[in-house]
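What follows is each chain in one-letter form.
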Amino acid sequence: MTVVINILVSVIFIIVLQLLGMLIFSWMTPFKDMEELKNGNVAVGLALGGKFLATAIILGVAAYTNSSIWFMAIWFAVGYVCLVASYWIFELVTIGFKISDHLKQGNVAVGTLLCMVFVGTAFAVSSLII
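First, a word on what this report is: a plain description of the structure on this page. For clarity, every value in this text was computed on a predicted model and none was experimentally measured.

Here we come to the overall build of the protein chain. Tallying secondary structure elements over the protein chain gives six helices and zero strands in all. Scanning the protein chain from its N terminus toward the C terminus, one meets helices and strands in the order α-α-α-α-α-α. Projecting the C-alpha coordinates of the protein chain onto the three principal axes gives extents of approximately 55 × 30 × 20 Å. Taking all 130 residues of the protein chain together, 40% fall into the buried category. In the protein chain, once contacts between residues fewer than 6 apart in sequence are set aside, the share between residues at least 24 apart is 72%. Of the roughly 7400 Å² that the protein chain leaves accessible, carbon and sulfur atoms contribute 77%.

So this is what it looks like as structure tokens:
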């Protein structure tokens, strides 16, 4: 019975961390992600999907490599900070245009590239989680 309780607590904690991560990401954009999705903005959908997958990758590796829920949360936080930093670095190196403006305008190329930046960063950072 203890194993079942531990799994349930872990799953609930993982869901809460995933939702918290997505909430923080939504605060970073100057537009409402869900409104853009409702309006059919594919670029925002790609970027949001990349954020979700990236946080899931980091969270999954953190859960797999740590037996303590607190160590898992700490490693997720480290990985999440790296994801946030990757967004701001991407914003800095794209001189001449603002990423969030192009996402709001529906630029699918920018949304796709940002998605891959998030996923690539998640794979690279998750390899450092112990």
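Counted at 1.5 Å a residue, the expected span for helix α3 (residues 42-65) with its 24 residues is 34 Å, and the 34 Å between its end C-alpha atoms agrees. Taken as a whole, α3 has its buried residues at A43, V44, A47, L48, G50, K51, A54, T55, I57, I58, L59 and A62. The N-terminus of α3 is capped by N41, whose side-chain oxygen sits 3.1 Å from the backbone nitrogen of A43.

Let us now look at the environment of A77. As for its position among the elements, A77 is in helix α4 (residues 69-93). In this structure A77 comes out as partly exposed when scored by relative accessible area, which is 38%. Along the sequence, A77 and L59 sit 18 residues apart, while their C-alpha atoms lie 9.0 Å from each other.

Taking 1.5 Å of rise per residue, the 19 residues of helix α6 (residues 108-126) would be expected to cover 27 Å, and the 27 Å separating its terminal C-alpha atoms lies within 8% of that figure. For α6, the full list of buried residues reads V110, G111, L114, C115, V117, F118, V119, T121, A122, V125 and S126. Buried positions along α6 lie against α1 (2-28), α3, α4 and α5 (99-104).

Remark: α1 packs on α4, axes separated minimally by 11 Å, with the N-to-C direction vectors making an angle of 20°. Taken together, α1 and α4 sit at an angle that is classed as roughly parallel. The two elements α1 and α4 cross, and the hand of that crossing is right-handed. Counting all contacts with α1, which are made through V9, S10, F13, I14, L17, G21, I24, F25 and M28, the residues of α4 involved are I69, W70, M72, A73, F76, Y80, L83, V84, Y87 and W88. Here the residues of the contact of α1 with α4 sort into 17 nonpolar, two polar and no charged.

So, how was this worked out
- Residues numbered from 1 in each chain as written.
- Predicted model: local features only at pLDDT ≥ 70, side-chain atom pairs only at ≥ 80, totals over all residues.
- Heavy atoms only, no water.
- Helix = DSSP H or I, 4+ residues; strand = E, 2+ residues; numbered from the N terminus.
- Buried < 20%, exposed > 50% of the residue type's maximum accessible area, 1.4 Å probe, protein only.
- Contact = heavy atoms within 4.5 Å.
- Areas by Shrake-Rupley, 256 points an atom, 1.4 Å probe, with all protein chains shown as cover.
- Expected span 1.5 Å × (residues − 1).
- Polar contact = N/O pair within 3.5 Å; in protein donor to acceptor, adjacent residues only side chain to side chain.
- Axes fitted to C-alpha atoms, helices over the stretch in contact; angles between N-to-C directions.
- Parallel < 35°, antiparallel > 145°, perpendicular 65-115°, else oblique.
- Left-handed = near helix turned anticlockwise from the far one by under 90°.
- Nonpolar A, V, L, I, M, F, W, Y, C, P; charged D, E, K, R; others polar.

Interpretation note: all reported values are geometric properties and have no functional meaning in isolation.
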